[in-house]
Amino acid sequence: MTPCLATSRSHLFGSLIALLFTTIFFPLAGIFAQKATPPTNAPYRNPKLSAEKRATDLLRRMTLEEKAIMLSGSGWMESAPIPRLGIPAINMTDGPMGVRSWLGSSAITSAANAVVKIEASSFPSGIAMAATWDTDLVQREGQAIAQEVKALGRDMILGPTVNINRQPLWGRNFEGYGEDPFLSGRLAVAYIHGVQGEGVIPSVKHFAANNEEYERHRIDAIIDERTLHEIYLPAFKAAVQEGGAWNVMSAYNKVNGVHCAESRPLLHDILQNEFGFKGFVVSDWGSTYSTAPTANAGMDLEMPGGEAMQKWLTLPLTQQSGNGAGWLTADKVLAAVKAGQITEATLDDNVSRILRVIFLSGIFDRPHTGGSEVDTPAQQTVARQGATEGIVLLKNDGGLLPLDTSKIHSIAVIGPNAAVARTGGGGSSLVSPKYSIAPLDGIRERAGSSVQVNYAAGVEMEGENPAGDIADSRAKLLKEATDAATKADVAVIVVGRYSGLEAEGFDVKTMDLPAGQDDLIEAVEKANPRAVVVLNTGNPVTMTRWIAQTPALLDMWYGGQETGHALASILFGDENPSGKLPASFPKRFEDSPAYGRYPGNDLKADYAEGIYVGYRYFDSKSVEPQFPFGFGLSYTTFAYSGLKVTPSKTSGDQLVEVSMIVRNTGSRSGAEVVELYVHDGHSKIDRPAHELKGFKRVDLKPGESQMVQFTLDRAAFSYWYPATHAWTADPGKFEIQIGASSRDIRLRAPLMLAR
Ligand code: BGC
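Residues numbered from 1 in each chain as written. Predicted model: local features only at pLDDT ≥ 70, side-chain atom pairs only at ≥ 80, totals over all residues. Heavy atoms only, no water.

A. Structural view of the packing of helix α2 (residues 51-60) against helix α15 (residues 344-361). Orientation of α2 relative to α15, taken along the N-to-C sense of each, is 130 degrees, at an axis distance of 9 Å. Between α2 and α15, the angle falls in the class oblique. Here α2 and α15 pass one another in a crossing that is right-handed. Mapping the contact onto sequence places Ala51, Glu52, Arg54, Ala55, Leu58 and Leu59 in α2 and Asp348, Val351, Ser352, Leu355, Arg356, Phe359 and Leu360 in α15. Looking at the contact of α2 with α15, its residues break down into 8 nonpolar, 1 polar and 4 charged. (Axes fitted to C-alpha atoms, helices over the stretch in contact; angles between N-to-C directions. Helix = DSSP H or I, 4+ residues; strand = E, 2+ residues; numbered from the N terminus. Parallel < 35°, antiparallel > 145°, perpendicular 65-115°, else oblique. Left-handed = near helix turned anticlockwise from the far one by under 90°. Contact = heavy atoms within 4.5 Å. Nonpolar A, V, L, I, M, F, W, Y, C, P; charged D, E, K, R; others polar.)

B. Representation of the nonpolar core. Judged by nonpolar contacts, the single largest core of 123 residues is most densely connected at Phe207, Trp285 and Leu355. Not counting residues within four places of it along the chain, the set of residues in contact with Leu355 comprises Ala55, Leu58, Leu59, Met62, Met70 and Ile87. Ala491, Leu513, Leu553 and Phe627 belong to the second largest nonpolar core, which has 36 residues in total. (Core = buried A, V, L, I, M, F, W, Y, C linked by side-chain atoms within 4.5 Å. Buried < 20%, exposed > 50% of the residue type's maximum accessible area, 1.4 Å probe, protein only.)

C. Region of interest: the sheet that holds strand β8 (residues 258-259). Spatially, the 4 strands line up as an open sheet ordered β8-β7-β5-β16, and their pairing is mixed. Strand pairing shows two members of the sheet lacking a second neighbour, β8 and β16 (604-606), which therefore form its edges. When strand β5 (residues 220-222) meets β16, the two strands line up parallel, connected through 3 bridges. Bridge pairing links Ala221 to Ala605 in β16. (Pairing = 2+ DSSP bridges.)

D. Highlighting the site of the ligand. Close to the ligand lie 13 residues; Asp94, His206, Tyr252, Asp284 and Glu504 are nearest. Within the side chain of Asp94, one N or O atom sits 2.4 Å away from an oxygen atom of the ligand. Lys205 is positioned with one of its side-chain polar atoms (N or O) 2.9 Å from an oxygen atom of the ligand. If the ligand stood free it would expose 310 Å²; the protein chains cover 93% of that surface. Classifying every residue of the shell around the ligand by side-chain character gives 5 nonpolar, 2 polar and 6 charged. (Near = heavy atom within 4 Å. Polar contact = N/O pair within 3.5 Å; in protein donor to acceptor, adjacent residues only side chain to side chain. Areas by Shrake-Rupley, 256 points an atom, 1.4 Å probe, with all protein chains shown as cover.)

E. A look at the pairing of strand β21 (residues 691-700). With 7 of 10 residues buried, β21 lies mostly within the body of the structure. Where strand β20 (residues 670-680) meets β21, 9 bridges bridge the pair, whose relative direction is antiparallel. Along β21, the bridge assignment pairs Val673 with Arg697.

F. Region of the structure containing empty space enclosed by the protein. Counted by the stated rule, this structure contains 4 cavities of 30 Å³ or more. The volume enclosed by the largest cavity comes to roughly 120 Å³. In terms of lining residues, the largest cavity is bounded by 14 residues, among which Asn165, Gln167, Pro168, Glu179 and Ser584 are the most central. When its volume is computed, the second largest cavity comes out at roughly 50 Å³. As for the second largest cavity, its lining consists of Met97, Ser122, Phe123, Pro124, Ser125, Thr423, Gly424, Ser429, Leu430 and Val431. Looking at the lining of the second largest cavity residue by residue, the classes come out as 5 nonpolar, 5 polar and no charged. (1 Å grid on protein atoms, 1.4 Å probe; cavity = no way out; pocket = protein on both sides within 12 Å on 5 of 7 lines; lining within 4 Å. Points joined across faces, edges and corners; volume = space filled by probe spheres on them.)

G. Region of the structure containing the pairing of strand β13 (residues 490-496). With respect to burial, β13 is a largely interior element, 7 of its 7 residues being buried. Taking every second residue as pointing to the same face, both faces of β13 are buried, with Val490, Val492, Val494 and Gly496 on one and Ala491, Ile493 and Val495 on the other. Bridge count between strand β11 (residues 410-414) and β13: 4 bridges; the pairing is parallel. Counterpart to Ile411 in the pairing with β13 is Val490.

H. Fine view of the pattern of salt bridges. Taken as a whole and judged by the stated rule, the model has 48 salt bridges. For Lys580, the salt bridge goes to Glu672, with nearest N and O atoms at 3.4 Å. Placement of the pair is Lys580 in the loop between α20 (563-571) and β16 and Glu672 in strand β20, with a sequence separation of 92 residues. Overall, Lys580 belongs to the buried group, its relative accessible area being 1%. Its salt-bridge partner being Arg616, residue Glu691 comes within 3.2 Å of it at the nearest N-O pair. Of this pair, Glu691 sits in strand β21 while Arg616 is found in helix α21 (residues 615-618), placing the two residues 75 residues apart along the sequence. Each member of the pair, Glu691 as well as Arg616, is classed as buried. Salt bridges here are not isolated pairs; linked through shared partners, they connect Arg172, Glu175, Glu213, Arg216 and Glu504. (Salt bridge = Lys/Arg side-chain N within 4 Å of Asp/Glu carboxyl O.)

I. The sheet that holds strand β17 (residues 638-646), seen in detail. Taken in spatial order, the 3 strands line up as β17-β19-β22 in an open sheet, and their pairing is antiparallel. Each having just a single partner strand, β17 and β22 (705-712) make up the two edges of the open sheet. Strand-to-strand, the axes of this sheet are offset by a mean angle of 20 degrees, without reference to chain direction.

J. Highlighting the packing of aromatic side chains. Taken as a whole, this structure holds 19 aromatic pairs when the rule is applied. Look at Phe589 and Tyr595: their rings are 5.3 Å apart centre to centre, the planes differ by 90 degrees, and that puts the pair in the edge-to-face class. Looking at Tyr595, the relative accessible area reads 41%, which means it is partly exposed. Members of the aromatic cluster, connected to one another through ring pairs, are Trp133, Phe182, Tyr615, Phe629, Tyr677 and Phe695. One cation-aromatic arrangement involves Lys332 over Trp327; the distance from NZ or CZ to the ring centre is 5.0 Å. Positioned over the ring face of Tyr640 is Arg746, at 4.7 Å from the centre of the ring. (Phe/Tyr/Trp six-rings, centres within 6.5 Å; stacked < 30°, edge-to-face > 60°. Lys NZ or Arg CZ within 6 Å of the ring centre and 35° of its normal.)

Below you can see the structure in the form of structure tokens.
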């Protein structure tokens, strides 16, 4: 008995000890072990190992709490750091046209009384960069921006914007790369290469179908799968597959009934599975509405976070406009994990995506401490080249341009956008530059002392000075403008919008120019028919009242800080215009394909025009635009010849080589953008008249010619076939078209796709 008792006593004692160990010492020991700082030779600290290995090692050292912390930001523009493990915060900044203040919402940081001003180079808007069709330049722009990101001690730039211009009233059309998915994709890839090459994280936004600002948090884009795949997703796909993008930002809107930040079909099925995205998804600021569905969908980092988010969330406007935030806070994520609504495997996936990028970008090993120079001469050069190459010459009757200073002795520079540099549209993309060159400054500087330059505003910019914009002062301003025009050899009328009329957060009210500007153009042209109209907007405008009698027309978009220099160099012929439209310009809003469906009914935007967006609509349905996609004139002329397609019959698995010769037949050096379209006249389902599948920008001296080559793969002939939920190309005869715009096809050759 005794032994037994003894046994039982010692057993009891042993059990007690075991209980103490299991309930107190082991967990404590576990916590202490987990909470200790890992050794300096821990594999994740080793820069020689792959990002994948490092992320795996780091992840297994993290507590559940630490993982949960990483799913929401710690501030307005910062992700959550985990100091114990040396995980840095990712310090973000907007984007995409340069670095802007990260110290709060754009409403706060753009306010005239903003406490801290962050100044950096203001690059041309996305639409202007798209008009260059210059992928090398866009890559250099991305690189220059990334260098400024680092110089200011940040890690991530919230751009590029690659949403498609579906209709001409979207307030943010100026931010993106236009209406064509192929062009947008090529430029997105270039921008990403520029940014990531510097170890800075880009954010490809806004995934997906963010094409109007009207009720942007509540609007539901109803889109069929073919349209999504052919129009609204390809730029993201290219960004992921060819750009290797480290980050994608989910959009505010819903797509087919579900908010993008919790859309498993978009994030998990398409972005991760179909495209193979390995980076992390960040929510647009204030666009989350649930915990488990959001994390499970593949949305990895909610922004903003921390106190900044809490405060912002209590503001009436934040709530009214339909923002959602504070759903992926650590407590909510932990509760969802404990309730079995989020598995640990899912949480691990969310976290390891963020970790992977922290390693890939190098910010774990080499934090960006800032303190170096921004707006360097090299960066200014890129900004200027972008602004210059982006200017599109839309009309030049009688060769009014370039201005010849041996014949012109006076210029009247007129318009509400003449004396002020309208560098960009409004909202989170508007950069505060250290300096900016207004059109008038640029023209004065270039014209020199032999040409007299007079200025008249002609009309107030709508909304800028409502109190002073009354009938009497309007008449006075108009008279000053016509007087100036009468006395001058040439009038340059700079019209357009500004960041208060064309911006994030609301759509443009009308395609018409702001109040009084059409009247101004008409009156000035009557006073002096030698008039050059210059457009300074992101969107197309209605021109029907004056276009017929306007001899010369330029579109300078929002050209960033160097906009005035760029304009002057084109006006005086120091540079030859080479920009081409990245979006069709309809004659009237009523002509645009989404007309009647925008902004939608009952918060549903029905994309029933389907794939017929931009030139796919105008060219297929024979609706004449004011100016077609891809159009832009030059001071010289180019001849196209010698189209060759090899092989002319293909199984589709081999690459098709296309070549042609472009020759500068004029007397000035210049660049020509050659466009390649594919026409499919035999497919099982309806296809657009043609689609852009290649482009090349070529610099040519007078008389010089160059062979231009394109390579086409099967994707160039394919469409998304809903019946099989896959890309498909139907065997038969295609036509390869080479054009100077979508409506100026100069060379054609057949191509047989064999079964
Ligand atoms: C915009 C994003 C921007 C973010 C952060 C949002 O309102 O839609 O494009 O990056 O704010 O400023």
